[in-house]
Amino acid sequence: MAPSKSVLVVLFDGVQPLDVAGPMDVFALAERFTGGPGLPYVVRTASLGGGGVRGAGGLRLVPDVDLLEVGDPDILLVPGGPGAEEAGHRLAGWLRHRAPGINRVVSVCTGAYVLAEAGLLDGRRATTHWEACDDLAAKYPKVTVDPNPIFVKDGPIATSAGVTAGIDLAIALVEEDYGRAAAHEIARLLVVFLRRPGNQAQVSLQLSAQVASSDPLREVQDWAVDNLAEDLSVPAMAQRAGLSTRHFARAFTEQVGVTPGRYVDLIRLEAAQRMLTDTADGVTRIARRCGYGSPEVMRRAFIRDLEVSPTQYRRAATMRVSARG
């Protein structure tokens, strides 16, 4: 296993405790699934001056160290919360000085304000909580704010949307550091999505399947997720795996828990749900991008598995967002 990676989580008055606890839990769970001696991540919290802070909702948090006395971590995580903008003014100088020596700087939710105030997002694409996107863009015009993704990675900087998106981003960092299998198991344990979701189900359709134990099949799984519009027939996937069609189908079903055809159905459906919720693309374009070929084929898939049409699904998702606002 690779050497332990140090993670430093910044604390400040008005921080959102969930933005802190969610990613920290992901990093802590990584120990269970990475194997080998030592901890995959060593996580510490810090505040300016090293004093305790009062989080949003009144929870008091006591940091491990003073920001001014700590070395450069491998990952610096800046959470959000009602106090993020004020924290940005106080932390800007420290961030500008220290960020160049840090491999990855990430923010959760409105923690993007802290990075923006320090100029770290200038000329970069970024995101934050959907409710704050317009405000962030107005206050920091040098930042290209994208309100759609659940997280955005631009070079060594990554920003994420609201609260639970911090968990998604942390899982993505684990996948980057220790592989998809470890990230997959953490996602399953936390009952979240390995990839950005488009619905409100507790477990994503992709996570309901297992990760194949053999490299050729696992590689085909990953390739299929990233190439939905390609030929994902059993013969085509078998050829990519270097196996006969019969051997591939049998081995895939045994290792993944579903047939190759059903796996393709699930990943295409989940991608379509995500696009319907998070993009303004029309149904025809989404059907083409997800490999359905036509809106009618996609509609039948939605009716079969979700009992609603794509249009009804998008309408319901829009109503959920409106209700949260």
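Residues numbered from 1 in each chain as written. Predicted model: local features only at pLDDT ≥ 70, side-chain atom pairs only at ≥ 80, totals over all residues. Heavy atoms only, no water.

(A) Structural context of the overall build of the protein chain. Within the protein chain, the regular secondary structure consists of 13 helices and 11 strands. Relative to its full complement of 325 residues, the protein chain shows a buried share of 49%. Across the protein chain, contacts joining residues at least 24 apart in sequence account for 62% of those joining residues at least 6 apart. (Helix = DSSP H or I, 4+ residues; strand = E, 2+ residues; numbered from the N terminus. Buried < 20%, exposed > 50% of the residue type's maximum accessible area, 1.4 Å probe, protein only. Contact = heavy atoms within 4.5 Å.)

(B) Structural view of the sheet that holds strand β7 (residues 104-107). Read across the sheet, seven strands follow the order β5-β2-β1-β6-β7-β11-β10 without closing on themselves; strand pairing throughout is mixed. In the strand order of this sheet, the two ends are held by β5 (65-66) and β10 (151-154), each with one partner. Here two bridges tie strand β2 (residues 41-47) to β5, and the two strands are oriented parallel to one another. When the bridges of β5 are listed, S47 appears paired with D66. Most of the contacts of helix α1 (residues 17-34) go to β2, to which it runs at about 155°, and overall it touches β1 (5-10), β2 and β6 (75-78). (Pairing = 2+ DSSP bridges. Axes fitted to C-alpha atoms, helices over the stretch in contact; angles between N-to-C directions.)

(C) Geometry of the pattern of salt bridges. Counted by the stated rule, this structure contains 17 salt bridges. Salt-bridge contacts for D215 lead to R218; the nearest nitrogen and oxygen are separated by 2.1 Å. Here D215 pairs with R218, and both are found in helix α7 (residues 215-226), just three residues apart, close to one helical turn. Accessibility expressed as a relative area gives 22% for R218, which makes it partly exposed. Here R299 ties to E296 by a salt bridge, and the two come within 3.1 Å at their closest N and O atoms. Remark: E296 and R299 occur in helix α12 (residues 295-306); sequence separation between them is three residues, near one turn of the helix. A residue is classified by how much of its surface remains accessible, and E296, at 36% relative accessible area, is partly exposed. Three or more residues joined by partner-sharing salt bridges are found here, namely R104, K153, E176 and D177. (Salt bridge = Lys/Arg side-chain N within 4 Å of Asp/Glu carboxyl O.)

(D) Spatial organisation of the pairing of β2. Relative to β2, β1 runs parallel, the two sharing six bridges. Considered in β2, the bridge of K5 is made with Y41.

(E) Broad picture of the packing of α1 against helix α5 (residues 165-178). As a packed pair, α1 and α5 sit with axes 8 Å apart at the nearest point and diverge in direction by 30°. For the pair α1 and α5, the sense of crossing is right-handed. In this structure, α1 uses G22, P23, V26, F27, A30 and T34 to contact α5, whose residues at the interface are G166, I167, A170, I171, L173, V174 and Y178. Of the residues belonging to the contact of α1 with α5, the class tally is 10 nonpolar, three polar and no charged. (Left-handed = near helix turned anticlockwise from the far one by under 90°. Nonpolar A, V, L, I, M, F, W, Y, C, P; charged D, E, K, R; others polar.)

(F) Fine view of helix α10 (residues 260-278). With 19 residues, α10 extends 27 Å between its outermost C-alpha atoms, agreeing within 8% with the 27 Å of an ideal straight helix rising 1.5 Å per residue. Of all the 19 residues making up α10, 15 are buried; the element is thus mostly covered by neighbouring parts of the structure. (Expected span 1.5 Å × (residues − 1).)

(G) Summary view of unusual backbone geometry. Unusually for a residue other than glycine, C109 sits at a positive phi of about 55°. Within the secondary structure layout, C109 lies in the loop between β7 and α3 (111-117). One non-glycine residue, E307, lies in the positive phi region at around 65°. As for its position among the elements, E307 is in the loop between α12 and α13 (310-324).

(H) Just the pairing of β6, in detail. Of the two faces of β6, the one holding I75 and L77 and the one holding L76 and V78 are both buried throughout. Pairing geometry for β6 and β7, over four bridges, is parallel. Following the sheet pairing, L77 is matched in β7 by V106. In this region the chain leaves β6, passes through helix α2 (residues 84-98) and returns to the parallel neighbour β7; the handedness of that crossover is right-handed. (Right-handed = clockwise from strand over helix to strand, strands pointing away.)

(I) Seen up close, the environment of P23. Following the sequence through the fold, P23 ends up in helix α1. Judged by relative accessible area, which is 1%, P23 ranks as buried. For the pair P23 and L169, spaced 146 residues apart in sequence, the C-alpha separation works out to 7.9 Å. Residues within four places of P23 in sequence aside, it is in contact with L18, L77, V108, G166, I167 and A170.

(J) Inspection of α12 at higher detail. Compared with an ideal rise of 1.5 Å per residue, which puts 12 residues at 16 Å, α12 spans 16 Å between its outermost C-alpha atoms and is within 8% of the ideal. Buried residues of α12: M298, A301 and F302, and no others. Down the axis of α12, the buried set is contained in an arc of 100°. They therefore lie on one face. Positive backbone phi, approximately 65°, marks E307, located one or two places after α12. (Arc of directions from axis to C-beta.)

(K) Up close: the side chain of S47. Along the chain, the position of S47 falls in strand β2. Of note is the side chain of S47, whose polar atom sits 2.8 Å from the backbone oxygen of G51. Excluding residues that lie within four positions of it along the chain, S47 makes contacts with L11, V53, P63, V65, D66 and L67. (Polar contact = N/O pair within 3.5 Å; in protein donor to acceptor, adjacent residues only side chain to side chain.)

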